[in-house]
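# Summary of the model geometry
Chain by chain, the residues run as shown.
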Amino acid sequence: MPSVKKFLLVKQQRLTNDVFQMDLQAAAPLVGYLPGRFVMVAIPNGLQQLRRPLAIAAVDEAAGKLSLIYRVVGQGTAQLAALTTGEQLSILGALGNGFATQKLVSGDRVLLVGGGTGLPPLMYLARFLAQKGCSVTTMVGFRTQTQIFGTQVFAAAGKLQLATDDGSAGIQGNVGTLLAAFNATDCQQVFACGPLGLLKAVQQRFAKQTMPVELSLESRMGCGMGACAGCMVSVGGGTLNQHICQEGPIFSAAEVQL
Amino acid sequence: MSQTSEQRLAVKLPGLNLKNPVMPASGCFAFGDNRYAEMFDLNQLGAIIIKAATLEPRVGNPMPRIAEVPGGVLNAVGLQNPGVDVILKEKLPQLKAKYPELPVIANVAGTQEADYAETARRLSDSGMVDALELNISCPNVKQGGMQFGTDPVSAQAVTAAVKKVSRVPVYVKLSPNVTDIVAIAQAAAAGGADGLSMINTLLGMRLDLKTRQPVLANGTGGLSGPAIKSIAVRMIYQVSQKVDLPIIAMGGISNAEDILEMFMAGASAVAIGTAIFHDPLVFPKVIADLPQKMTDFNIESLSGLIAEVRSQRNEN
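How each quantity is defined
- Residues numbered from 1 in each chain as written.
- Chains lettered and ligands numbered in written order.
- Predicted model: local features only at pLDDT ≥ 70, side-chain atom pairs only at ≥ 80, totals over all residues.
- Heavy atoms only, no water.
- UniProt positions renumbered as here; feature names shortened; annotations may be inferred.
- Helix = DSSP H or I, 4+ residues; strand = E, 2+ residues; numbered from the N terminus.
- Rg over C-alpha atoms; globule rule 2.2 N^0.38 Å.
- Buried < 20%, exposed > 50% of the residue type's maximum accessible area, 1.4 Å probe, protein only.
- Areas by Shrake-Rupley, 256 points an atom, 1.4 Å probe, with all protein chains shown as cover.
- Lys, Arg positive; Asp, Glu negative; His and termini not counted.
- Charge placed at Lys NZ, Arg CZ, Asp CG, Glu CD.
- Salt bridge = Lys/Arg side-chain N within 4 Å of Asp/Glu carboxyl O.
- Contact = heavy atoms within 4.5 Å.
- Buried area = accessible area lost by both parts, 1.4 Å probe.
- Polar contact = N/O pair within 3.5 Å; in protein donor to acceptor, adjacent residues only side chain to side chain.
- Nonpolar A, V, L, I, M, F, W, Y, C, P; charged D, E, K, R; others polar.
- Pairing = 2+ DSSP bridges.
- Axes fitted to C-alpha atoms, helices over the stretch in contact; angles between N-to-C directions.

In the nomenclature of an unreviewed UniProt entry, chain B is known as Dihydroorotate dehydrogenase of Liquorilactobacillus ghanensis DSM 18630. Taken verbatim from the UniProt record of chain B, the Function (unreviewed entry) comment is "Catalyzes the conversion of dihydroorotate to orotate." Listed under Subunit (unreviewed entry) in UniProt, the entry text for chain B is "Homodimer."

Taking an unreviewed UniProt entry as the reference, chain A is identified by name as Dihydroorotate oxidase, electron transfer subunit belonging to Liquorilactobacillus ghanensis DSM 18630. Check the Sequence similarities (unreviewed entry) section of the UniProt entry for chain A; it says "Belongs to the PyrK family."

Below you can see the structure in the form of structure tokens.
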């Protein structure tokens, strides 16, 4: 069941020019904060009415610790980045369906594909699957070296394949380049989160494969609770028939229309 | 104070005997089938206004449908709904099964008089709704909606057409996107409306500086939230001076003080929309806060306040 909790901001870290990480502490243990789920964070200034949907980047449920990584894209996220240690945040969570990891067992090979602000949920997923004993390969794309964050998590969880548009780190190219070279044999499941182009590339690359391919969609949201119809997506042949916030944000690549 | 807390909050409107005056506004709470219902018991609500029903299913507008401004939200959902038949077959029975005592107001939208009337007839014949809210004020659809709410002749005609077939009281939801809202309110009254609900959203727009294009796929959207509250107060005040119908007030309400302000403007009940996005527990909170706030401002009961405000209006 979703709940609103007060979290104490323990640490605010700048990861790149416009990407920040907040480490937060709740007063009690957290329940249901699974990989791929998200929270709605209230902007504590009284002007922004809408909470911001942010993916769970890391969590220690028993200890009540939560980490959120976000890019400053507008006034709301700029307000979040200006918050300092000791301030309190109202957070609604955990929401959405999360990645389907139930069928994976130790030794299974999985592929994670991410870019931009799509990386935070994959950071949590990589740790989670590595702990399960899965063999985790992660493909990550950035525009340039100075935008890189999170790669140490993926490297620690398994194999990291890095691409930059300008070749300043990893191979020159993008995740499309990495996907083309990927050997999909023996890969049990694919997970992707990132810009629309990246999700489409993943959807196309594995269109003829039989393993489950899960795409995490990003969207502006009003409520995050399946009430306002502000984040609809077409799934399974329907037209704008599912809420990204409620039935998603994770959808099967075989069913979702991007 | 001689009255019990329950008596203090109770209000009576045509077709609606409410234990408190607070309800979710149409479109912000789906059909009660959302995750807010996991966080608090909907039986605490005075009533629920369900999402707009149209004769045929509607997919609504493309994404993005939501944008933000300081103190408010722009939306252009475009009346997405599964159509009146699915609402009658699935949504309303589910709502009634879970909350048999909760009064239900069904919001009715359309593109022409005939489909407004047919949708209203089916809903009111079902026995599952206590009142209708006639939506002649949606700013996010190309046909119907607001065009009925900005012209007195059309407003009166569609109200009369729906009144002719409805077995339950009809509240006409007014658009603030007019020069003289009193004229539209009077037209609704002349059409036989049992009450008014006001205000719907104000037509607004935002542009993206990078793309130089509108943020919303629909171009324009409806502005809601605290930014529009003073406009709602002004319009309710004006209408209640000239029209004797009870008013369900909405437009930027987010706390108990806002509710009392709406009653002082001329409201007999209130609906809350945008505020729930910020505070998922705003409904139980404002209902719990009301008695103390009423005491703070020397209000013994809401029904007494309604009578007092209306008697002052009549003297004018």
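Moving on from the model shown.
## A short note on the overall build of chain B
Counting its secondary structure elements, chain B contains 12 helices and 14 strands. Against the 2.2 N^0.38 benchmark of 20 Å for 316 residues, chain B shows a C-alpha radius of gyration of 18 Å, consistent with a compact globule. Looking at chain B as a whole, 59% of its 316 residues qualify as buried. When the accessible surface of chain B is totalled, it reaches about 12100 Å², and 51% of it is carbon and sulfur. For chain B, the distance from the average site of its 28 positive side-chain charges to the average site of its 29 negative ones is 5 Å.

## What to know about the pattern of salt bridges
Residue and element names in this part refer to chain B. Evaluated as defined, the whole model comprises 15 salt bridges over all chains. A salt bridge links aspartate 33 to lysine 91; its shortest N-O distance comes to 2.9 Å. With a gap of 58 residues between them, aspartate 33 in the loop between β3 (22-24) and α2 (36-39) and lysine 91 in helix α3 (residues 84-98) connect regions that are remote in the sequence. Among the residues examined, aspartate 33 registers a relative accessible area of 29% and is labelled partly exposed. Accessibility expressed as a relative area gives 21% for lysine 91, which makes it partly exposed.

## What about the interface of chain A and chain B?
Counting residues at the interface gives 32 residues for chain A and 31 residues for chain B. A buried area of about 2600 Å², summed over both sides, lies between chain A and chain B, and 61% of it is on carbon and sulfur atoms. The largest share of the area that chain A buries against chain B comes from A:Gln49, A:Arg220 and A:Met225, three residues that together contribute 25% of it. At the junction of chain A and chain B, the tally comes to 1 salt bridge. With its nearest N and O atoms 2.5 Å apart, the salt bridge here joins A:Arg52 to B:Glu68. Run the count over chain A and chain B and you get 11 residue pairs in polar contact (both at pLDDT 80 or more). No other element matches the 3 residues that strand β6 (residues 88-95) of chain A contributes to the side of chain A that touches chain B. Split into classes, the residues belonging to the side of chain A that touches chain B amount to 19 nonpolar, 9 polar and 4 charged.

## Here we look at the pairing of strand β4 (residues 52-60) of chain A
Residue and element names in this part refer to chain A. In this structure, strand β3 (residues 38-41) lies alongside β4, joined through 4 bridges in antiparallel fashion. Looking at β4, one finds that valine 41 is bridged to arginine 52. Relative to strand β5 (residues 65-71), β4 runs antiparallel, the two being bridged by 4 bridges. Bridge pairing in β5 places alanine 58 opposite serine 67.

## Structural notes on the sheet that holds strand β5 (residues 66-69) of chain B
Residue and element names in this part refer to chain B. Across the sheet, which stays open at both edges, the 4 strands sit in the order β5-β6-β12-β11 with antiparallel pairing between neighbours. With partners counted over all chains shown, the strands left at the sheet margins are β5 and β11 (202-205), one partner each. Taken pair by pair, the neighbouring strands of this sheet meet at an average axis angle of 40°, ignoring direction. As paired strands, β11 and strand β12 (residues 220-224) are joined by 4 bridges and run antiparallel to one another. For methionine 205, the partnering residue across the bridge sits in β12 and is threonine 220.

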